[in-house]
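# Tertiary structure, described
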Amino acid sequence: MKGDAPRLVALSLAAGLLGAAGFGAAQSGLEAALAQPEAGAPGTPAELGAWAHVRENDLIAAREAAEAVLRAEPKSYLGHFVLGWALHYAEASFPRALHHQRQAWELFVAAHGEDPVAPGFPWRWHARMILERAELHGDLEQHEERLAWFARYDEHYTPKTGARNAWPLMKLGRYEEARRAAAAGIGSGDEGQLELGLNAFCAIEFEAGNDGASYDACKAALDQARTTPAGPSTVDYTNFAEGALSLFRFAEAERSLLAATEAQVSWFGNPWLMLSELYIRGGRLPEALTALKEVPGYRMRRPPHVRDSDRNEHRRALASLMLTAGRPAEALAITEKARVAPDRRGHNSRDPLQDDAIVALLDRAARLSLAEALREEAVGEGLGTRLLARLEARWLRFEAWLGGRSALRAIGDDAHLVGIHRIGTAAAAIVPPWLLGDLASLAGPGVTREALRRARALDRREGAGAYYDAFGADAALEAGDEARAIELADRARRGLGDGDGMLRARASALLAEATRRSRGVAAALPAYDATFQVDPGAFRRLGFAVPVRLTTRGDAIAEDVADALRRSPRFDVAEEGLAMVVNATAAGGTVCLRGGDGSELACAEVRPTTDDDPASLAARLAAEAHRVLFAPAIDLTQADIGSLDGTNVRRRGDLDTLLEQGTP
């Protein structure tokens, strides 16, 4: 501020920058202003009473009081300001909040002008309105406008916004300016600005593609937070975990995320969600299920206006779990919601086209898997049922084709198609590596190979080559080059760590199929075993049939089951293959699959019910065989599925009734 006008010295500017799944915002510091004496903030008793409810964080009462003020005086700028505040922070109704803040500003300027040095000028309301406009524009992803309001604030008040500008500058791709803003914050001597500046560098370098520098910056931010009385927040830990993942340091990322679950809650970031994605990626599905059960409760600990900021990220994780657990119908129900309700990304550094593409790929995979599952379930039924299943499967494949085109529209340009193959970088931060090989059949093997060549040439990270080998194996097999697919898939399996167990299993499935085609079934058996040990559902998702040697024991029911399995798209019954034994009578039956080394991979079992006749018992056993043999070792009950969407989380307090919890 100029001259002798009041200085808003204690008004904290520590509203956040870095957030969940990437780099969003740290805890807002506007609350610091509420504890100050209210000099420079005049108003009628009714207006000040409405603001008092904000100071007490009773935003329902604040909204009701503001509405009462506006009924009595429609031109009350404080009435509009408080109502906009409540709509913003209690209901996440950002457009409506902006409408009222615009009215508040226009009425304020009409009444008082905009000269803080004028005698009696209500400078505190002026400063608050400016900062609140900046926050709203940030939540609406209007970054130029946010910068403009920060500049307006800096014209009149100190301390300056400094490092607060780094985030919108980064979102606009103005990296050098963002670095200067972050550096200014670090050099300011203010602890809040130091924290913002360090975290900003973490995000800027990540977004700019400087992965090693991003890791170092995130570590510096975390180390600095450890020196403060409050210690690191969730966002400090989750940002560092992202930096570690960009360098494939899975154990380091997991430790940081586990620490984040016990740290102070930040506005953005849900460590349980990130843990679930990490566990799914590693093929650790029981642990992923446990983590996902914690997500809704943790979300409810965040303020209302940011609870939905990562809802689609939650949906993607849920869909991934359902898909990898052999529940494509449930996965599809989730992806259908995700495709029509994207996340807000104002506080996240990620390219929204990534979100669109990954949701489309998950939706496509769910439809293709469901098409396969419908045919599998019908193999033991009558001809009419089987024909109907084929028709339904064809329709699902057509919808999957449309979804694939949608994914390509989002990332089909050269920059995105190259970038999305660079796992762990800003261009591919949210991509499930085990899913990305699907692009080879969408973009075509030639285009995919060229994208991989360019991506590999840009990538100097240790361990990155194994990912390009894995994706290249998909492209080679798609092109019919089995020899190259074998070479790349085998190299990928040896180069990938435990943190990418699902991608390694996919490489094993590709190796098995390519080897079977070119060298025969016997040579492929070890790769089949390796896939079944981690992710048997990979065969369904890839549309591969598994070669089996079928043996029956029992009576005619066993033969009926064997006939059904011969009709299955999932099995290629021949003289060579994995050993499959069908043992069935009227008393029940089993279908067991053994690996090439003779060890048991999985067994399905059914017992007769009072409604069973021999035909229905055989049909149930054939369907159960497909469900069990191509599902991982995870007990995912319907109760589990119901608990994951947050509908069983009790809402806390009246304020929470304003929010839609619903399904994710």
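The numbering scheme is per chain: residues are counted from 1 as the chain's sequence reads. Only residues with pLDDT of at least 70 get local features here, since the model is predicted, and only at 80 or more are side-chain atom pairs given and counted; chain-wide, interface and lining totals rely on the full set of residues. For side-chain calculations, the full set of non-hydrogen atoms in the structure is used, while hydrogens and water are omitted.

## With respect to the packing of aromatic side chains
The aromatic pairing rule takes the rings of Phe, Tyr and Trp, using the six-membered ring of Trp, and pairs them if the centres are within 6.5 Å, calling planes under 30 degrees apart stacked, those over 60 edge-to-face and the rest tilted. The tally for this structure, following the rule as stated, stands at 19 aromatic pairs. Seen in terms of ring centroids, Phe-108 and Phe-121 are 5.6 Å apart; in terms of plane orientation they differ by 90°. Their pairing is edge-to-face. You can see Phe-108 sitting in helix α5 (residues 94–112) and its partner Phe-121 sitting in the loop between α5 and α6 (123–139), a full 13 residues away along the chain. Partly exposed describes any residue whose relative accessible area lies between the buried limit of under 20% and the exposed limit of over 50%, with all areas from a 1.4 Å probe on protein chains only and scaled to the type maximum. Residue Phe-121 is classed as buried on the basis of its relative accessible area, which comes to 6%. Ring plane angle 45° and centroid distance 5.8 Å describe the contact between Phe-532 and Phe-630, whose orientation is recorded as tilted. Remark: Phe-630 occurs in the loop between α30 (614–629) and α31 (638–644) and Phe-532 occurs in helix α27 (residues 521–534); sequence separation between them is 98 residues. In terms of burial, Phe-532 and Phe-630 fall into one category: buried. Connected via pairs of aromatic rings, a cluster forms that spans Trp-51, Phe-81, Trp-85, Tyr-89 and Trp-125. Any Lys NZ or Arg CZ that is within 6 Å of a ring centre and within 35 degrees of that ring's normal is treated as a charge sitting over the ring. When the ring centre of Trp-149 is taken as reference, the NZ or CZ atom of Arg-152 above it lies at 4.5 Å. Segments assigned H or I by DSSP are reported as helices when at least four residues long, segments assigned E as strands when at least two residues long, and all are numbered from the N terminus.

## Overview of the environment of Ala-485
Position of Ala-485 relative to the elements: it lies in helix α25 (residues 482–495). You can call Ala-485 buried: its relative accessible area is 0%. Sequence separation between Ala-485 and Ala-475 is ten residues; the distance between their C-alpha atoms is 7.8 Å. Any two residues having at least one pair of non-hydrogen atoms within 4.5 Å are treated as being in contact. Apart from the residues within four sequence positions on either side, Ala-485 is in contact with Ala-473, Ala-476, Leu-477 and Ala-514.

## Structural notes on the confidence of the model for the chain
Taken over all residues, the pLDDT of the chain has a mean of 87, while the share at 70 or more is 88%. Per residue, pLDDT captures the predictor's confidence, and it can take any value from 0 to 100. Averaged pLDDT values for the elements of the chain fall to 38 in helix α1 (residues 31–34) and rise to 98 in helix α24 (residues 465–478). Note on residues 1–36: pLDDT under 50 across the span, and 146 contacts to partners over four residues away in sequence or across chains. Counting interchain partners and residues more than four positions distant, the pLDDT-below-50 stretch residues 646–664 has 49 contacts.

## Topic: empty space enclosed by the protein
Here a cavity means grid points, on a 1 Å grid over the protein atoms only, where a 1.4 Å probe fits yet cannot get out; a pocket means an open set of points with protein on both sides within 12 Å along at least five of seven lines; lining residues are those with an atom within 4 Å of a point. Grid points are joined across faces, edges and corners, and a volume is the space filled by probe spheres set on the points. Going through the model one piece at a time under the given rule, you end up with seven cavities of 30 Å³ or more. By volume, the largest cavity amounts to about 380 Å³. Mapped by element, the contributors of at least two residues to the lining of the largest cavity are α12 (234–246), α14 (271–281), α16 (311–324), α18 (352–377) and α21 (433–436). With five residues, α14 is the single largest residue contributor to the lining of the largest cavity. Among the residues making up the lining of the largest cavity, the classes are represented as 18 nonpolar, two polar and six charged. When residue character is reported, Ala, Val, Leu, Ile, Met, Phe, Trp, Tyr, Cys and Pro are called nonpolar, Asp, Glu, Lys and Arg charged, and the others, Gly included, polar.

## Looking at helix α11 (residues 211–226)
Expected helix span is given by 1.5 Å per residue-to-residue step, counting one fewer step than there are residues. Between its terminal C-alpha atoms α11 stretches 23 Å, which fits the 22 Å expected from 16 residues at 1.5 Å a residue. When α11 is considered as a whole, its buried residues turn out to be Asp-211, Ser-214, Tyr-215, Ala-217, Cys-218, Ala-221, Leu-222, Gln-224 and Ala-225. Buried residues belonging to α11 abut α10 (191–207), α12 and α13 (250–260).

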